[in-house]
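Listed here are the chains, written in short residue letters.
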Amino acid sequence: MHHRNTEIVIFGGGLSGLSAGYILSRSGREVILIERDSSVGGLAKTINHNGFRFDLGGHRFLTKNREIEQLVRDVLRNDFLTVHRKSKIYMSGKYFDYPLKPMNAIFGLGAFTTLKIIYDYFKEKFRNAVKPHEIVSLEDWVINQFGRKMFDIYFKQYSEKVWGVDCSCISKQWVAQRIKGLSLWEAIKNAFFRVSGRGIPTLADSFIYPRMGIGQIAEGLKKQIERGNRLLTNVSVIRVYHKDFSIKGVTVRDGKSVYSIEGDEFVSSIPLTNLIERLQPAAPEDVMEAAARLNYRDLIIVAIMLNCDRVTDLTWMYLPERGIPFGRIHEPKNWSPCMAPEGKTHLVAEYFCFRGDKIWSCDDEKLISTTVDYLEKSGFIMRHDVIGGCVVRVPKAYPLLDLDYGKHRLRVLHYLSKFKNLHIAGRGGMFRYLNMDHAIESGIEAANGILKIRQQREPLPSGA
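Everything in this summary refers to the structure shown in the same document. Keep in mind the model is a prediction, meaning the values are calculated, not measured.

## Topic: the pairing of strand β11 (residues 235–242)
Examined bridge by bridge, β11 and strand β12 (residues 247–254) share 7 bridges and lie antiparallel to one another. Within the sheet, the bridge partner assigned to His242 lies in β12 and is Ile247. Adjacent in sequence and paired antiparallel, β11 and β12 are bridged by 4 residues, among which Asp244 carries a positive phi angle near 55°. Pairing between β11 and strand β15 (residues 279–280): 2 bridges, direction parallel. Counterpart to Tyr241 in the pairing with β15 is Gln280.

Structure representation (structure tokens):
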């Protein structure tokens, strides 16, 4: 086993790890980034299958942070499009606009159901004004913001399909962060007065999107890092060894080769549980136990290639009903015309699952066949137009924010904070449900923290 030495070692080539590497490389620091997959990007990568390009679920880029926006624009060299969002919910054989448009809801759900939704909303607001109750779960939060009827019709089924557990067991932190500032009243105001969701990302009408797919951001960051530093793919971190709360180095596996990499500073964006499992010596028993209680939701992407020009005009379609096994579909060609060969298109379905369950264990051909069956039954496609399919499995795609995750997460992070030269970043690394801009921001913050430390340690030039 041989050794390599470098100044800064980064675990994980998702957007957070790449952003950290980008900032550090640009500052003249020596960096080595380690990514276990064959390509960078993590969940924000783009797959190319026989000329059909697709993301691991449709990913839009939105941010209020001008620094992050400028970084992405610089990396893309302005090679992006402005995409106008058009999303619908497909339920009971009908289409409903999302975000909510009241007239669509009245004609789709019926006047009685719509009045019941509005009644439940104001009933909940009155009840809370008289006697506020503690909001703990996703169910509590949604009912507080939308009322019981809206929760039962849409949020309950879809949320439980996404997370695989009852809504009463999911922390309010997830939904409050994902649709921060949104309530039934805000949605109604947006529909009638066309405020374009100012300040509410969930209601934003448009977003920027790289011409060749969201993975173009990751590839751009990668190119910048590789100009003066090393970026290793198909390489896995198998051990992280430390002494006196200082990381000394890592052992990695590259094919059949195993070797160590030593460094001065370390950034980890790999799943938090993976980092704890790889520490040598092992973390204390209570920390190991806390990490074992942190769970992730896995994802399977099934792309169906079609010999037709277009199926929908939508960016997303949500399918909350339990009778349909996938939860969301999108048509990449509606995001950028470069995502499919001329005259052809494809639909991308997202299956939310746990590793080892029935869906995860299903073979690729069966998943493709099942997806085609349901798309045809729902009237989206004709089977004779299908010309291929592709399946991509994404382990630990989303941190599962159950009711107890907070205390377990804090225990793990408190222990890791004792390490003088370890910096945590990213969705999986921080066990936080971060949007893309916040994932990039976390990588930048880790890099800036290292630069500050290095500046403090380095001697001033003579005569200064």
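Further notes follow.
## Considerations on the pairing of strand β9 (residues 206–210)
In terms of burial, β9 is largely enclosed, as 4 of its 5 residues are buried. Judged from the 5 bridges that link them, strand β6 (residues 80–84) and β9 form a sheet pairing that is antiparallel. Paired with Thr82 across the bridge in β9 is Ile208.

## Brief notes about empty space enclosed by the protein
This model, assessed by the stated rule, comprises 1 cavity of 30 Å³ or more. Size it by volume and the largest cavity reaches roughly 30 Å³. Around the largest cavity, the lining residues are Thr312, Leu314, Trp316, Met317, Ile329, His330, Glu331 and Leu347. Of all the elements in the fold, those that place two or more residues in the lining of the largest cavity are β17 (316–318) and β18 (328–330). Residue composition of the lining of the largest cavity, by class: 5 nonpolar, 2 polar and 1 charged.

## Some details on the packing of aromatic side chains
Summed over all chains, the structure comprises 21 aromatic pairs. Between Tyr121 and Phe122 the ring centres are 5.1 Å apart and the planes differ by 75°, which places this aromatic pair in the edge-to-face class. By relative accessible area, which is 8% here, Tyr121 ends up buried. Ring geometry for Trp163 and Tyr398: centres 6.2 Å apart, planes at 75°, overall edge-to-face. Of this pair, Trp163 sits in helix α6 (residues 148–163) while Tyr398 sits in strand β20 (residues 386–400), and the two are 235 residues apart along the sequence. Accessibility assignment for this pair places Trp163 and Tyr398 in one class, buried. Within the aromatic cluster, the residues linked to one another by ring pairs are Trp163, Phe352, Tyr398 and Tyr433. Here the guanidinium or amino end of Arg297 rests over the ring plane of Phe354, the centre of that ring lying 4.2 Å away. Over the ring of Tyr433 we find Arg427; its NZ or CZ atom is 4.2 Å from the centre of that ring.

Parameters and conventions
- Residues numbered from 1 in each chain as written.
- Predicted model: local features only at pLDDT ≥ 70, side-chain atom pairs only at ≥ 80, totals over all residues.
- Heavy atoms only, no water.
- Pairing = 2+ DSSP bridges.
- Helix = DSSP H or I, 4+ residues; strand = E, 2+ residues; numbered from the N terminus.
- Buried < 20%, exposed > 50% of the residue type's maximum accessible area, 1.4 Å probe, protein only.
- 1 Å grid on protein atoms, 1.4 Å probe; cavity = no way out; pocket = protein on both sides within 12 Å on 5 of 7 lines; lining within 4 Å.
- Points joined across faces, edges and corners; volume = space filled by probe spheres on them.
- Nonpolar A, V, L, I, M, F, W, Y, C, P; charged D, E, K, R; others polar.
- Phe/Tyr/Trp six-rings, centres within 6.5 Å; stacked < 30°, edge-to-face > 60°.
- Lys NZ or Arg CZ within 6 Å of the ring centre and 35° of its normal.

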